[in-house]
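# A structural walkthrough
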Amino acid sequence: AGINPATAYPGPPGLAYALPEDVRWRDQLLRNRSVSSVMEDEVKRAVRSDRFQLHLNASLSDVAVGSDGKVGGRVGAKPYRFDFLVAGTGYRVDVSTRPELARFHQSISLWGDRYKPAPGDENEVGNYFPYLGAGFQFQPREGVKAPFLANIHVFNPSGRLSFDTPVS
């Protein structure tokens, strides 16, 4: 194993699926605990401005560009007008939120259905990743008859827990 350029730590690119579940799970934990951020000088420059505002854990809604070119929107319940707006929204893997899977998402096996981590290795985020088969295909939950899932292959970041680096 060398350094995996997609994750910047030792790992076996292309071989992750063959690793035991606990190793893949711990890789996911390590990845989630490795926070990437903007460059320090960028943050310092922004914070020095008396016009800079940071809203943590705040909802952003009703965003639109006005006729004056400014961005309007609501942060929480309060309306704002911005010259510039940077929204760090992140993303979440959750098959139940995908409209194309709405009719059968409850049939798809998730890591939280199949794998129980050791104490201290719990990871709520990991529970929502689909538990994929060797061909990147969805697997049915235990006791569910859904053979059509074998024909749906997942080549996106939601396959990361099963395969490490996604094919995307």
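The structure under discussion appears in the preceding block.
Residues numbered from 1 in each chain as written. Predicted model: local features only at pLDDT ≥ 70, side-chain atom pairs only at ≥ 80, totals over all residues. Heavy atoms only, no water.

It is worth spelling out the nonpolar core at this point. Residues V95, L101, F104, I108, L110, L132, F136, F138, A146, L149, V154 and F163 constitute the largest nonpolar core, which totals 12 residues. Residues within four places of L149 in sequence aside, it is in contact with F104, S107, I108, Q137, F138, Q139 and P140. (Core = buried A, V, L, I, M, F, W, Y, C linked by side-chain atoms within 4.5 Å. Buried < 20%, exposed > 50% of the residue type's maximum accessible area, 1.4 Å probe, protein only. Contact = heavy atoms within 4.5 Å.)

This brings us to the pattern of salt bridges. Scanning all chains against the criterion turns up 11 salt bridges. Between D68 and R81 there is a salt bridge, and its shortest N-O distance comes to 2.7 Å. Here D68 is found in the loop between β3 (60-65) and β4 (71-75), whereas its partner R81 is found in strand β5 (residues 78-82), with 13 residues between them in sequence. For D68, a relative accessible area of 47% translates into the label partly exposed. A residue is classified by how much of its surface remains accessible, and R81, at 48% relative accessible area, is partly exposed. Taking the shortest distance from any N to any O, the salt bridge between R92 and D94 comes out at 3.7 Å. (Salt bridge = Lys/Arg side-chain N within 4 Å of Asp/Glu carboxyl O. Helix = DSSP H or I, 4+ residues; strand = E, 2+ residues; numbered from the N terminus.)

Take unusual backbone geometry next. Notably, D62 is not glycine yet its phi reads approximately 55°, a positive angle. With respect to the helices and strands, D62 occurs in strand β3. In this structure D62 comes out as exposed when scored by relative accessible area, which is 59%.

The subject of this paragraph is the layout of surface pockets. When its volume is computed, the second largest pocket comes out at roughly 270 Å³. What lines the second largest pocket is a set of 15 residues, and nearest its centre among them are V95, R98, L101, N156 and S158. Among the residues forming the lining of the second largest pocket, the class breakdown is 8 nonpolar, 3 polar and 4 charged. (1 Å grid on protein atoms, 1.4 Å probe; cavity = no way out; pocket = protein on both sides within 12 Å on 5 of 7 lines; lining within 4 Å. Points joined across faces, edges and corners; volume = space filled by probe spheres on them. Nonpolar A, V, L, I, M, F, W, Y, C, P; charged D, E, K, R; others polar.)

The subject of this paragraph is empty space enclosed by the protein. Applying the stated rule across the entire model yields 1 cavity of 30 Å³ or more. Together, A16, L19, R24, D27, R31, R160, L161 and D164 line the largest cavity. For the lining of the largest cavity, the secondary structure elements donating two or more residues are α1 (21-33) and α5 (160-163). If one sorts the elements of the lining of the largest cavity by residue count, α1 sits on top with 3 residues. When its residues are assigned to classes, the lining of the largest cavity shows 3 nonpolar, no polar and 5 charged.

To continue, consider the sheet that holds β5. Strand order in the open sheet formed by 3 strands is β3-β4-β5, with antiparallel pairing between adjacent strands. Among the strands making up the open sheet, the edge pair consists of β3 and β5. Pairs of neighbouring strands in the sheet enclose a mean axial angle of 20°, with direction left out of account. Where β3 and β4 come together, 4 bridges link them in antiparallel fashion. Its bridge partner lying in β4, L60 is registered against V75. (Pairing = 2+ DSSP bridges. Axes fitted to C-alpha atoms, helices over the stretch in contact; angles between N-to-C directions.)

Among the surface-exposed residues, V43, V47, F52, L54 and L56 lie close enough to one another that they form a single nonpolar patch of about 490 Å² accessible area. Position of V43 relative to the elements: it lies in helix α2 (residues 40-48). For V43, a relative accessible area of 37% puts it in the partly exposed group. (Patch = residues over 30% accessible without salt bridge, like charges linked within 9 Å, V, L, I, M, F, W, Y side chains within 5 Å. Areas by Shrake-Rupley, 256 points an atom, 1.4 Å probe, with all protein chains shown as cover.)

This is a description of form; function is not addressed.
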